[in-house]
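# Close look at the chain arrangement
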Amino acid sequence: AVDKRIRNAVNKELGKKNGKELTLKTNITRLYYRILDVLYVFHESDLPNCGDTMQILKRAKVLLFKGRYKEGVALLDRVINNHSNYDYLHKMEALELRLESAIKFADVAYLNQTYATHRDLFTGLYKGYYNYKEYQNIEALIKLESTTGYFYESTNKLSGKYSVLLESEDNAIHPMAKIYFNKANAFLSIKSGDLESAFTYANRTLELFNQYPEIREGNVIIYLKSIRNLTIVLIHLKRYLEAENLLNSIEHHLTKYSKLKTIDIRTEVVTLNIVLRTDIIIANESYHVNSFRLKYFELEFKHNLEYLKDDEKCSMYYNLSVVNFKLGNYRQALKYNNQALKISGNVRNDIYHIALFNEFSIHYFLGDEDLFNSKLTAYKRFVTAK
């Protein structure tokens, strides 16, 4: 299917220039991978594990390939001796290349004098890297539970090994492992109803990001999601002013991140600037005093729709429905609620069900008695089928 799309696109462009339809006779798979290579270069700065260190490693590989051993290993040593203690994967690759190039170029001095130290360094990095991956796996399992089941179901329980890892932050070595530790425990605390513990863990996550700026800048999406999580916990605790102040305090970061073009980052920026601020107003039931701000959020949401994923779209559509309902704009509330229902059925069971109940309320206040009864009958069938 991909080959066919590529062939059609290329033929279309060639046909435009030559006035006739052409057929590709060469290996289409080879062209496909060449296009991927070009796209890699185009998107390189936004891809995982692609930063200055990766660029240095690439340069070192070219120099070693060309036989420029001293220059090549000098770049490898820059990666190995980098002040950063957390770029485990690149450091391990640099150590591997250092040994392989020393063998290839018969660097006896390195093999006799330095290799033992580098071997011990590699062992420590390996241990730290896989500790980090263990915690990342825990966070992924918990995220899976939140997206595939109902939030308060007891399915997808963590295994005993992972439960032990979540007993103490001291079990986490890598700073990101510590962050994943606190993110996971914050989620589990919310699920169990322990909001104070959830706050402690969510707040600790942000403390770690601020403690390690290098980690924060290398994991922007996770950082922004952590701000989102802490804000949600504060809303649950009814600490609305603190939630608002938190969002205000990171506005300077959001201005910088909003210039990045990836849809994930833009989604998080819009969520923090618009969706969560609307959540606070709804939770605090301060609709009328914030009517001007709510109108601004509504316009900004529409302006940024293309940057939002379906999760955030249906959440904000539902928010706008609630806002308009509370302000007495029932027709507009129904319009937004229909949008929430349309999107949430595939991505958010919780919003889908609450939007169904919201629909009943809107039709009641609109005086649509027949439609209200029809929707209620349909919902009874839906519940029975479940």
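See the structure shown above.
Values in this document were obtained by computation on a predicted structure and should not be read as measured data. (Residues numbered from 1 in each chain as written. Predicted model: local features only at pLDDT ≥ 70, side-chain atom pairs only at ≥ 80, totals over all residues. Heavy atoms only, no water.)

## So, the packing of aromatic side chains
Following the criterion strictly, the structure yields 16 aromatic pairs and no others. Judged by centre distance (6.2 Å) and plane angle (75°), the rings of phenylalanine 181 and tyrosine 201 are edge-to-face. Of this pair, phenylalanine 181 sits in helix α8 (residues 175-192) while tyrosine 201 sits in helix α9 (residues 195-211), and the two are 20 residues apart along the sequence. Looking at phenylalanine 181, the relative accessible area reads 3%, which means it is buried. Exposure remark for tyrosine 201: the relative accessible area of 24% places this residue in the partly exposed category. Among the aromatic residues, ring-to-ring pairing joins Tyr126, Tyr129, Tyr130, Tyr132 and Tyr180 into one connected group. When the ring centre of tyrosine 223 is taken as reference, the NZ or CZ atom of arginine 216 above it lies at 5.8 Å. Across the ring face of tyrosine 336, the terminal group of lysine 335 is positioned such that the distance to the ring centre comes to 5.9 Å. (Phe/Tyr/Trp six-rings, centres within 6.5 Å; stacked < 30°, edge-to-face > 60°. Helix = DSSP H or I, 4+ residues; strand = E, 2+ residues; numbered from the N terminus. Buried < 20%, exposed > 50% of the residue type's maximum accessible area, 1.4 Å probe, protein only. Lys NZ or Arg CZ within 6 Å of the ring centre and 35° of its normal.)

## What about the pattern of salt bridges?
Scanning the entire structure with this criterion turns up 19 salt bridges. As a salt-bridge pair, glutamate 169 and arginine 204 come within 2.8 Å of each other at their nearest N and O atoms. Of this pair, glutamate 169 sits in the loop between α7 (160-165) and α8 while arginine 204 sits in helix α9, and the two are 35 residues apart along the sequence. What makes arginine 204 partly exposed here is its relative accessible area of 24%. Residues lysine 295 and glutamate 298 are paired through a salt bridge, measuring 3.6 Å at the closest nitrogen-oxygen approach. Of this pair, lysine 295 and glutamate 298 both sit in helix α15 (residues 291-303), three residues apart, roughly one helical turn. (Salt bridge = Lys/Arg side-chain N within 4 Å of Asp/Glu carboxyl O.)

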